[in-house]
Amino acid sequence: MSTSANQYWRANLRLVSTLLVIWFIVSYLFGIILVEPLNSISLGGYPLGFWFAQQGSIYTFVALIFIYVWKMGQLDRKYDVHED
Amino acid sequence: MDLQTLTYIVVGATFALYIGIAIWSRASSTGEFYVAGKGVHPVANGMATAADWMSAASFISMAGLIAFKGYDASVYLMGWTGGYVLLAMLLAPYLRKFGKFTVPEFIGDRYYSQTARIVAVICLIVASITYVIGQMKGIGVAFSRFLETSYEVGLFSGMGIVFIYAVMGGMKGITYTQIAQYVVLIFAYTVPAIFISLQLTGNPLPQLGLGGTIASGESLLATLDKVLVDLGFNEYTAMKDTTLNLSLLTLSLMIGTAGLPHVIVRFFTVPKVADARKSAGWALLFIAILYTTAPAVGGMSFFNLINTVQPGEIAAEDGALKYEDRPTWFSNWEKTGLLSFEDKNADGRIQYRAAKDENELTVDRDIMVLANPEIAKLPNWVIALVVAGGLAAALSTAAGLLMAISSAISHDLVKGVFNPGISEKGELFAARLAMAGAIGIAGWFGLNPPGFAAQVVALAFGLAASSIFPALMMGIFYKRMNNTGAILGMIAGLTSTLVYIFWFKGWFFVPGTEMAANTAENWFMGIQPESFGAVGALINFAVAIVVSKLTAPPPEHIQHLVEDIRVPKGAGQASAH
């Protein structure tokens, strides 16, 4: 693999790993593992852990994909691998 | 106008619309039959994917599970949305770059092996058929209520409609029909939710209403927690299952989402690699509208149900509703056999309690969404709309799945392996024959479904998670993965998960053939069958990596192929190939 393609792939993996860490935090960590301690905090009438499990994680997922689309578009152009 | 007539009119009108679109855009070539000529706009494709994706399990069953399980059902919400993040970032753009018709075709080419392709076809069929069984349960429930007949008659009518519908169109017809179905189903889901949220909390947004306060000035969720505890149940917002089980089920649903062939194939239909990424985002946005509304539908419908059967004090003798005073929706659902009352203490009142020997009301969870507008006394047209929406959800997914099954059989098995010289006409005929077979099998299982629609569907996700997802992901991210590793990995993942499920649910779901009772004491490390897909996926990864390290690396041209799919530049044209 050429150096530039290699760098592109590494940058891609870095981006995806960062986004997947957030993905893990809002669902597994806030929504399941830490749900009970978080439930003592209230958000708009919801216990916070319960809110993450039934609302907050979903909003974050949508945002994550659009951030990915935007960042990948930048990477594609930077390394000149974009489609016409 | 009475409800029955109105329902016929609304359901009839929406069906006429779908069929009209299907005829208008009838598939003419094999390429169009499977992937719609690859020219679908990302937003349109996102909407069609959302309809394809949101099935009877999402529309009819999920809010019912949320109602009766409270917090624990959050796994379905997170699992079925979080999977799109994986799909968008790990699979969709690369599979689009590769540019083939079907998922087994990718696996066959990437692992340079016909055996790999055949194994992928088997994995695909097992997961998809299980998924269709879940749809059949949902369709059966919707039709039985709509026709006011038994569940069985409802199921058979539904099978007939699905057959006519899926066999007539193809992917091209389906894409546009599915956009129409998305509009119908999202309207049907959100309208009653808005009404009920306004009724209970005065907030028109169900997403905020669930956190709102009710007429008494108390918070809705806190009141629900309190009432449930008084009836002997656990709190609505509390965790009841184990952290391990909930995490594994969420993971199974997520990676299953990313591994389900009928969803993946949708990303072959957009013009560019960048569009495949965008399309996943739009799909999830459209899905999120329903998924963030569902918790409100679940919580509020359950609150209304309890208030209906328990209008007075729980401790008071006359607190429960008299059976002879039961509302019309109650007696209508009794006809389907999905709701029943047994007067155990012979006082003529409906006691709904946690204790099995005191409880007199049995409610099939799958009826909650359909019964919800009736329980809340919403106008008849809203109720008719919900029936039409439920049918749209079930039909769109069933059609997408049948398409995946039939293309796997006709394109990958018949044309790809057994009879490469088959004519286009012959291939289309094989595809339609495969669909008919799949509907028959799924309908037969639907008579004795191994669980609620959403639970059966969860099993399907476990199967997809354990077999297809790892093979696809390693195909892109692990250049060293070879044919032997991938094949043995898929076989190990699928078999372990399938055996675990059959062990507790009966061989081929036949009641009475379970090897052990389906209870927490018998489960391996307390893992329920629905959650096992994540473990199966781990087994798949482990077997594949170990075997691959011990055997010869893939040939050079395959390594180049992997390098090539990692960059968007040079993706194939948007036309059929």
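What you see is a predicted model, and the numbers here were worked out from it, not measured in a lab.

Peer 1: Mind laying out the overall build of chain A, listing which residues take part and the relevant values?
Peer 2: Helices and strands together make up the secondary structure of chain A, namely 3 helices and 2 strands. For chain A, the succession of helices and strands along the chain, N to C, is α-α-β-β-α. Against the compact-globule benchmark of 12 Å for 84 residues, chain A has a radius of gyration of 17 Å, which places it well outside the compact range. For chain A, the C-alpha atoms occupy an extent of roughly 50 × 20 × 15 Å along the three principal directions. Taken across its 84 residues, chain A has 38% of its residues classed as buried.

Peer 1: Mind laying out helix 17 (residues 380-418) of chain B, listing which residues take part and the relevant values?
Peer 2: Residue and element names in this part refer to chain B. Its 39 residues give helix 17 an end-to-end C-alpha distance of 54 Å, which sits within 8% of 57 Å, the value for a rise of 1.5 Å per residue. Of all the bends in helix 17, the largest measures some 25° and sits at Ser 407. Most of helix 17 sits out of view: 34 of its 39 residues are buried.

Peer 1: With reference to specific residues and values, describe the packing of helix 14 (residues 273-309) of chain B against helix 16 (residues 368-375) of chain B.
Peer 2: Residues and elements named next belong to chain B. Relative to each other, helix 14 and helix 16 sit at 55°, their axes nearing to 10 Å. Here helix 16 runs oblique to helix 14, going by the angle between their axes. Where helix 14 crosses over helix 16, the two elements pack in a sense that is left-handed. In this structure, helix 14 contributes Val 297, Ser 301, Asn 304, Leu 305 and Thr 308 to the contact, and helix 16 contributes Met 368, Val 369, Asn 372 and Ile 375. Per-class residue counts for the contact of helix 14 with helix 16 are 5 nonpolar, 4 polar and no charged.

Peer 1: Would you mind going over the packing of helix 3 (residues 48-78) of chain A against helix 5 (residues 74-98) of chain B in detail, with residue names and values included?
Peer 2: Contact geometry for helix 3 of chain A and helix 5 of chain B: axes closest at 9 Å, N-to-C directions at 5°. The angle between helix 3 of chain A and helix 5 of chain B places the two elements in the roughly parallel class. Across the interface between the two elements, Ala53(A), Gln54(A), Ser57(A), Ile58(A), Phe61(A), Leu64(A), Ile65(A) and Tyr68(A) from helix 3 of chain A touch Ser74(B), Leu77(B), Met78(B), Thr81(B), Gly82(B), Tyr84(B), Val85(B), Ala88(B) and Met89(B) from helix 5 of chain B. In the contact of helix 3 of chain A with helix 5 of chain B, the residues fall into 12 nonpolar, 5 polar and no charged.

Peer 1: Account for the nonpolar core, naming residues and giving values.
Peer 2: One finds Ile65(A), Ala120(B) and Leu185(B) to be the most contacted residues of the largest nonpolar core, which totals 224 residues. The element that contributes the greatest number of residues to this core is helix 17 of chain B, accounting for 22 residues. Every residue in contact with Leu185(B), bar those within four places of it in the chain, is listed here: Ala51(B), Met54(B), Phe59(B), Gly389(B), Ala392(B) and Ala393(B).

Peer 1: I'd love a proper account of the interface of chain A and chain B, names of residues and values included.
Peer 2: Counting residues at the interface gives 38 residues for chain A and 42 residues for chain B. Secondary structure elements with two or more residues in the side of chain A that touches chain B: helix 1 (3-33), helix 2 (35-38), strand 2 (46-47) and helix 3 of chain A. Ranked by residues supplied to the side of chain A that touches chain B, first place goes to helix 3 of chain A with 16 residues. By residue class, the composition of the side of chain A that touches chain B is 25 nonpolar, 10 polar and 3 charged.

Peer 1: How would you explain the environment of Met1(B) if you had to name every residue and give the values?
Peer 2: Along the chain, Met1(B) turns up in the segment before helix 1 (3-24). Taking C-alpha positions, Met1(B) is 8.5 Å from Asn380(B), a pair spaced 379 residues apart along the chain.

Peer 1: Tell me about unusual backbone geometry, and please be specific about residues and values.
Peer 2: We note that Asp80(A) has phi near 55°; this positive angle belongs to a residue other than glycine. For Met525(B), which is not glycine, the phi torsion reads 55° and is therefore positive. Relative to the helices and strands, Met525(B) is located in the loop between helix 20 (483-505) and helix 21 (532-550).

Peer 1: Describe the confidence of the model for chain A, and please don't skip the residues or the numbers.
Peer 2: Residues of chain A with pLDDT of at least 70 account for 99%, and the chain-wide mean is 93. Taken element by element, chain A is modelled with least confidence in strand 1 (residues 42-43) of chain A, mean pLDDT 88, and with most confidence in helix 3 of chain A, mean pLDDT 96.

Peer 1: Which residues make up the environment of Ile139(B), and what are the values?
Peer 2: Residues and elements named next belong to chain B. Here Ile 139 shows up in helix 7 (residues 114-146). Residues Ile 139 and Ser 157 lie 18 residues apart in sequence; the distance between their C-alpha atoms is 8.9 Å. Not counting chain neighbours up to four residues away, the residues in contact with Ile 139 comprise Ala 56, Leu 155, Gly 158, Val 162 and Ala 394.

Peer 1: Now, about the confidence of the model for chain B: what can you tell me, with residues and values included?
Peer 2: Residues and elements named next belong to chain B. Residues of chain B with pLDDT of at least 70 account for 95%, and the chain-wide mean is 87. Here helix 2 (residues 30-35) stands out as the least confident element of chain B, with mean pLDDT 52; helix 21 is the most confident, with 96. Scoring of the predicted complex yields 0.91 for pTM and 0.96 for ipTM.

The rules behind the values
- Counting from 1, residues in each chain are numbered in the order their sequence is written.
- Lettering of chains starts at A and numbering of ligands starts at 1, both following the order in which they are written.
- pLDDT decides what is reported in this predicted model: residues at 70 or higher carry local features, side-chain atom pairs at 80 or more are listed and counted, and totals for whole chains, interfaces and linings draw on all residues regardless.
- Every helix listed is a DSSP run of H or I at least four residues long, and every strand listed is a run of E at least two residues long, numbered separately from the N terminus.
- Computation of the radius of gyration draws on C-alpha atoms alone. For the globule rule, the value is 2.2 Å times the number of residues to the power 0.38.
- Between the buried cut of 20 or more and the exposed cut of 12 or fewer other C-beta atoms within 10 Å of a residue's own C-beta lies the partly exposed class, and all C-beta atoms are placed from the backbone.
- To estimate how far a helix should reach, multiply one less than its number of residues by 1.5 Å.
- Bend is the name given here to the angle between axes fitted to two runs of seven residues, the run ending at a residue and the run starting at it.
- Every axis corresponds to a line fitted to the C-alpha atoms, with the helix fit spanning only the stretch in contact, and the corresponding angles, defined between N-to-C directions, vary from 0 to 180 degrees.
- Angles below 35 degrees are treated as roughly parallel, those above 145 as roughly antiparallel, those between 65 and 115 as roughly perpendicular, and all remaining angles as oblique.
- Crossings are classed by handedness, with left-handed meaning an anticlockwise turn of the near helix from the far one by less than a right angle and right-handed meaning a clockwise turn.
- It is the C-beta atoms, placed from the backbone, that decide contacts: two residues are in contact if theirs lie within 7 Å.
- Polar here means any residue outside two lists: the nonpolar Ala, Val, Leu, Ile, Met, Phe, Trp, Tyr, Cys and Pro, and the charged Asp, Glu, Lys and Arg; Gly therefore counts as polar.
- Nonpolar cores are built from buried Ala, Val, Leu, Ile, Met, Phe, Trp, Tyr and Cys residues. These are joined into a set through C-beta atoms within 7 Å.
- Every residue gets a pLDDT, meaning the predictor's confidence in that residue, from 0 to 100.

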